[in-house]
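Structural overview for review
Listed here are the chains, written in short residue letters.
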Amino acid sequence: MTFRAPILEILQAPDYRPVNDAAIFRALKLPPKLRSRFLHELRLLLSQGELVQIQGDRYALPPRKAPAPAATPEDDTEITGRIQFRAGGSAYVVPAADPDADSDAPRPDDIQIGPGDTLTALPGDTVVVQLDASLRGRRFSAGDTRNSEPRGRVRRIVERARTEVVGRLAKVRTQYVVLADDPRFPLEVFVTDPALTRLKPTPKLDDKVVAALEPWDDPRKPLRGVLTDVLGKTFEPRAELLGVYRKYNLDPAFPPEVEREVASLADTVQPEQLKGRLDYRQSPVFTIDPDDAKDFDDALSLEPLPDGGLRVGVHIADVSAYVKPGTALDREALKRGNSTYLVGTVVPMLPEKLSNGLCSLVEAQDRLCKAAFLNFDAKGRLIEADTSYADTVIRSYKRLTYKQAYALLFTDSLDAIRALPLPPKHQTGSTGRALASLSDSELTALQGWVRQLWQLASRLRRERMAAGSLDLDMPETKVFVDAEGYADRLERIEHDESHQLIEEFMLAANEALARLTRREKMPSIYRVHDDPDGEKLDELRQQLATHGIRVSDLSERKELVRLLKLLADHPQGYTLRTQLLRSLRKAAYRSTADGHFGLHKKDYTHFTSPIRRYSDLVVHRVLAAFLARQGSMVVGDGTTTTTRINAKVKLPYTAAKAQEMGEHLSLTEINSAEAERESVKIKLLEFFERELLKKTPTAFEAVITEVRANGFFIELTESMTFGFVPGSALQDDYYAATPDGSALVGRKTKKRYATGTKIQVNVHKVDRVKRLMDFRPVVTKPAPKAA
């Protein structure tokens, strides 16, 4: 008996990942008495060069020694890009953008890399790949359908993406390893016995730890690291949070020099700061924000105009009054780029004294702002030429939540409005007064202001959509935590009228500022969204067809608008809208007003959130220079001013500096978005794991999104969470897939689980390491028979 062929067959499988001899022996399902013969065969294959050992004691195929096929032009092509791994060990490289390429040129295909061809690459590394036409058509993972995409091999590492890894301390035989939190990190990191380190407390098995990576140039040798920190017990809230901080280089603490500068600021607005500001402290000004808002950037005011129209003031926290160029505070804010909102906490761009204090537009406190004033005529039409700008001081009359604003819009009963609770104190930066504490006259006045604003905002929204703006807003799952930091509640947040009210005025103010800075030729930062890649849209069109959705050329805006309307009522609308978003390009920051595809606007910037985005602070400084040139208040068309023009005022930025900042801020935004998604994933898994502890399991409504032979994937309709129902959980019958693969059908009962079907499920299993969740259909117990 020889084991040569079955051993090689295992190692040649597309989804094979290097394992040790024990794992190969188990895979062969041999009896224990044949183990010595198996080991002899394995050593023989090793000595003959048929196998190699890598990462210590793991076995893999050596680089191919067969004669190379006839060379093709593709074989000599080397491409630089960023590598990302899949859970099975295969990878793909996203080619770097060519700065000399035409902006309309299609994006190059990703390059598929087999598990044995990644060299010493790690997730996120910049690598050089050599294309290999002979690999085309080869499957690199189970279910690999990317036959048309180029294949290649990593030839060298250009730049490492990370210097450390966060993960769980484990032991493999006699050696300690760190198993990365990221399930797509393909390797264990071998470390020395933690008892030999100087870390206090000494890391224990299953602790969440940080390991600094040592240089790794030989794929035949294991990846090694040095333990540098212990964060706590894996899966405990504090340890998980610290893990996210380290993985994404986030720091909730500020350098001492920044804290010293902030400490020197007064705790309240000072009288001398009011000079030259319009006073709106006695005017109806209020904020509308989420229940768990930590800071409050924007407020709205409303005042009548002599001609029967209305003026809406969009008052934005004047961060530029406190964060001055060249200070340590300014350098740190630019370095961070933006705040990062993790579940239950925030890593702020600015220290708490500013982000939650002096700059936050909390209720009943004087606050400095920069404002854009939008004038509407008696019929509710925005008069763009009359838009004006000013420095203001406000005192917010009321901090409203979206739920409270929605009730004020659509509930007439004041008692019902008063019954709405305040958000929990541990979840928000400020609760504001309870609506129950307001008198009838106060509540009625507030209700009138909110409804007047919605009349204007709803018209802005109708006109924007009619002009071709894409309705890309999607519901989101908000995870709320208890006072100990554990996930205890999920809430589906809809983008309802209360959200749309605020959004429309913020969009109008952002557009007005972009139009102003472009017209005045003042170097600034713009929010741009390039036109999509036609090939990506065509791939999406083909994918939609598999779901029964027929569309024509999606490069035509009207067809995209039609698609979004179709998806609004589709049972898999959330999933398919997510695919649509992935087919569009990412928005970014630039020094040029290149337009915004999604909003269908020529001019757009970010002005309305300077507490949490440095880009908005840049725009505030540019506006400050403009106001200093023109006077304290200026009409947007530039034809009239309130005071003299001072052309000697120096502009805060050059175009080159604005472009440099835009590129940096685009990267910090991506990093924060990835950290926020990671935080949500961790907390969702935590929430559903705790569901398993309940005596009476919760029933969740779900829709079947994809059917496989061994089960089906689902999406929970309320939380938009994804999971899998394995065939083994369908215990009432034996189920087999239909010929077209659209359903599983019971052999005896003929019961169908088909794509698009809604079912009730319970949580069955949560794997927090692999970040996977299994569910099972709710079993309805038959009613007891009557006596």
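Residues numbered from 1 in each chain as written. Predicted model: local features only at pLDDT ≥ 70, side-chain atom pairs only at ≥ 80, totals over all residues. Heavy atoms only, no water.

**Observations concerning the overall build of the protein**
Let me state the cut-off plainly: Secondary structure elements are defined from DSSP: runs of H or I of at least 4 residues count as helices, runs of E of at least 2 residues count as strands, and each element is numbered from the N terminus. The size measure is the radius of gyration over C-alpha atoms, and the globule rule it meets is 2.2 Å times the number of residues to the 0.38 power. Relative accessibility decides the category of a residue: with a 1.4 Å probe and only protein chains considered, values under 20% of the type maximum give buried, values over 50% give exposed, and everything between is partly exposed.
Looking only at helices and strands, the protein features 16 helices and 34 strands. Relative to the compact-globule value of 28 Å for 787 residues, the protein shows a C-alpha radius of gyration of 30 Å, a close match. In terms of its C-alpha atoms, the protein occupies a principal-axis envelope of roughly 100 × 80 × 60 Å. Considering the protein as a whole, with its 787 residues, one finds that 51% of them fall into the buried category.

**A word on unusual backbone geometry**
Here the amide bond leading from K200 into P201 is cis, since omega sits at -5 degrees, within 30 degrees of zero. Within the element layout of this structure, P201 appears in the loop between β10 (188-191) and β11 (207-213). Here D206, not a glycine, exhibits a phi torsion of approximately 75 degrees, which is positive. Take D206: it is sitting in the loop between β10 and β11.

**Looking at helix α13 (residues 557-568)**
An α-helix turns once every 3.6 residues. As a result, residues three or four positions apart point the same way. Note the cut-off: To estimate how far a helix should reach, multiply one less than its number of residues by 1.5 Å. In what follows, a contact means two residues having at least one pair of non-hydrogen atoms within 4.5 Å.
In this model α13 runs 17 Å from its N-terminal to its C-terminal C-alpha over 12 residues, within 8% of the 16 Å that 1.5 Å per residue would give. The complete set of buried residues in α13 reads R557, E559, L560, V561, L563, L564 and L567. As for α13, its buried residues are in contact with α12 (534-545) and α14 (573-583).

**What to know about the packing of aromatic side chains**
Note the threshold: Ring pairs shown here join Phe, Tyr and Trp side chains whose ring centres sit within 6.5 Å, with only the six-membered ring taken for Trp; geometry is labelled stacked below 30 degrees between planes, edge-to-face above 60, and tilted in between. Lysine and arginine charges are scored as sitting over a ring when NZ or CZ, respectively, is within 6 Å of the ring centre and within 35 degrees of the ring normal.
Overall, the coordinates contain 12 aromatic pairs when judged by the stated rule. Site record: aromatic cluster; members linked through ring pairs are F687, F688, F700 and F775. Here the guanidinium or amino end of R336 rests over the ring plane of F254, the centre of that ring lying 3.7 Å away.

**Some thoughts on the nonpolar core**
Going by this rule: Nonpolar cores were defined as sets of buried Ala, Val, Leu, Ile, Met, Phe, Trp, Tyr and Cys residues, with membership established by side-chain atoms within 4.5 Å.
Counting 90 residues, the largest nonpolar core has L300, L501, F505 and Y614 as its most contacted members. The residues contacting Y614, other than those within four sequence positions of it, are D330, A333, L334, G337, M349, R621, Y653, M661 and L665. Formed by 28 residues, the second largest nonpolar core is a distinct cluster that contains L684, A729, L730 and L744.

**As for the pairing of strand β8 (residues 164-172)**
Let me state the cut-off plainly: Paired strands are those between which DSSP finds at least two bridges.
Relative to β11, β8 runs antiparallel, the two sharing five bridges. When the bridges of β11 are listed, G167 appears paired with V209. Two elements, β8 and strand β9 (residues 175-180), share six bridges in a ladder whose sense is antiparallel. Across the sheet, R168 pairs through a bridge with L179, a residue of β9. Between β8 and the antiparallel strand that follows it, β9, lie two residues; R173 among them carries a positive phi value of about 55 degrees.

**Looking at the side chain of R86**
Cut-off, in case you're wondering: For this analysis, a polar contact is any N or O atom pair within 3.5 Å, provided that within protein one partner can donate a hydrogen and the other can accept it, and provided that sequence-adjacent residues contribute only side-chain to side-chain pairs.
Residue position: R86 is located in the loop between β3 (78-85) and β4 (91-95). Among the residues examined, R86 registers a relative accessible area of 18% and is labelled buried. Within polar-contact distance, the side chain of R86 engages the backbone oxygen of A91 at 3.4 Å. There is a polar contact of 2.6 Å between the side chain of R86 and the side chain of Q112.

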